[in-house]
Amino acid sequence: PELVPIGDPVEKSLVAIDGGSSTLWTNGNVSIGVVRYGFVSYDPGFKIDKVQIESEFLLIRAGESSLDLERHVREVSMIEDASENGDIVLFDGALSMIPDVGLEDRVASVCDNTPVVGISKSSTLAMMNGRLPDIWIPLEAHTYFSLPDDKISEMVERRNLIKGANTAYAKLHGKGPTLR
């Protein structure tokens, strides 16, 4: 692939959405857990403008849901609020369609005015009829490459990614991982 240098910093405000979850107790049939989710907005100089963090305690019955899914649903619910607090929304994870989560609709509701960028640290890229972990993609620091349209179409079908999304791989720091 053709590597492209990452240009000068964008002079726009950013909003980063992320979350986490922890199981507090389980007996195998029922779990009690906590999900935390929210966003932080930064001005173009990377000064924090706003922090919005929520926490919920949940009772999860085996086979009904999972803490990770519940956390993801709540992160997705933050997209519209986050878009009102910055020029670009950074979303932790791939922009994959998961049934009953509503990610595609939430992104579509804001993307005309605010780009939503999914950042995945643990994804894989199908290459040469095999799968190569992203961390093995040999990128130099401060470079990226965009996937050709045929590979993006393949990923949309195979991985259930949001249609119309562009996909690129980047290495932001010499010692950091390759990100999708």
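Residues numbered from 1 in each chain as written. Predicted model: local features only at pLDDT ≥ 70, side-chain atom pairs only at ≥ 80, totals over all residues. Heavy atoms only, no water.

**Student:** How do you make sense of unusual backbone geometry when you look at a structure like this?
**Tutor:** The phi angle of most residues is negative, glycine excepted, and most peptide bonds adopt the trans form. One non-glycine residue, F46, lies in the positive phi region at around 65°. The phi dihedral of H142 falls on the positive side, at around 65°, and the residue is not glycine.

**Student:** Any chance you could explain the pattern of salt bridges here in plain terms?
**Tutor:** A pair can form between side chains of opposite charge whenever their charged atoms are brought close. Applying the stated rule across the entire model yields 5 salt bridges. In this structure, R74 and E56 form a salt bridge, with 3.0 Å as the shortest nitrogen-oxygen distance. Here E56 lies in strand β4 (residues 48-61) and R74 lies in helix α1 (residues 67-77), a separation of 18 residues in the sequence. Between D68 and R71 there is a salt bridge, with the nearest N and O atoms lying 3.8 Å from each other. Taken together, the residues D68 and R71, both in helix α1 and 3 residues apart, mark about one turn of the helix. D68 sits in the partly exposed class, given a relative accessible area of 47%. When salt bridges that share partners are traced, they join E56, E70 and R74 into one network. (Salt bridge = Lys/Arg side-chain N within 4 Å of Asp/Glu carboxyl O. Helix = DSSP H or I, 4+ residues; strand = E, 2+ residues; numbered from the N terminus. Buried < 20%, exposed > 50% of the residue type's maximum accessible area, 1.4 Å probe, protein only.)

**Student:** Got a minute to help me understand the sheet that holds strand β1 (residues 4-5) in this structure?
**Tutor:** Within a sheet, adjacent strands bond to each other through the backbone by hydrogen bonds, running parallel or antiparallel. Taking strand neighbours across the sheet as the criterion, the 3 strands line up as β1-β9-β10 in an open arrangement whose pairing is antiparallel. Of all strands in the sheet, those with a lone pairing partner are β1 and β10 (168-171), marking the two edges. (Pairing = 2+ DSSP bridges.)

**Student:** What is the right way to read the side chain of E70 from this model?
**Tutor:** Mapped onto the fold, E70 is located in helix α1. Here the side chain of E70 touches S65 through a polar contact of 2.7 Å, side chain to side chain. A polar contact of 2.7 Å, which involves the side chain of E70, links it to the side chain of R74. Apart from the residues lying within four places of it in its own chain, the contact partners of E70 are L58, I60 and S65. (Polar contact = N/O pair within 3.5 Å; in protein donor to acceptor, adjacent residues only side chain to side chain. Contact = heavy atoms within 4.5 Å.)

**Student:** What exactly am I supposed to notice about helix α3 (residues 103-110) here?
**Tutor:** Think of an α-helix as turning once every 3.6 residues; residues three or four places apart then point the same way. Taken together, the buried positions of α3 are L103, V107 and V110. An end-on view of α3 places all buried positions within 70° of arc, on one side of the element. For α3, the elements touching its buried residues are α1, α2 (79-83), β5 (88-92) and β6 (116-119). (Arc of directions from axis to C-beta.)

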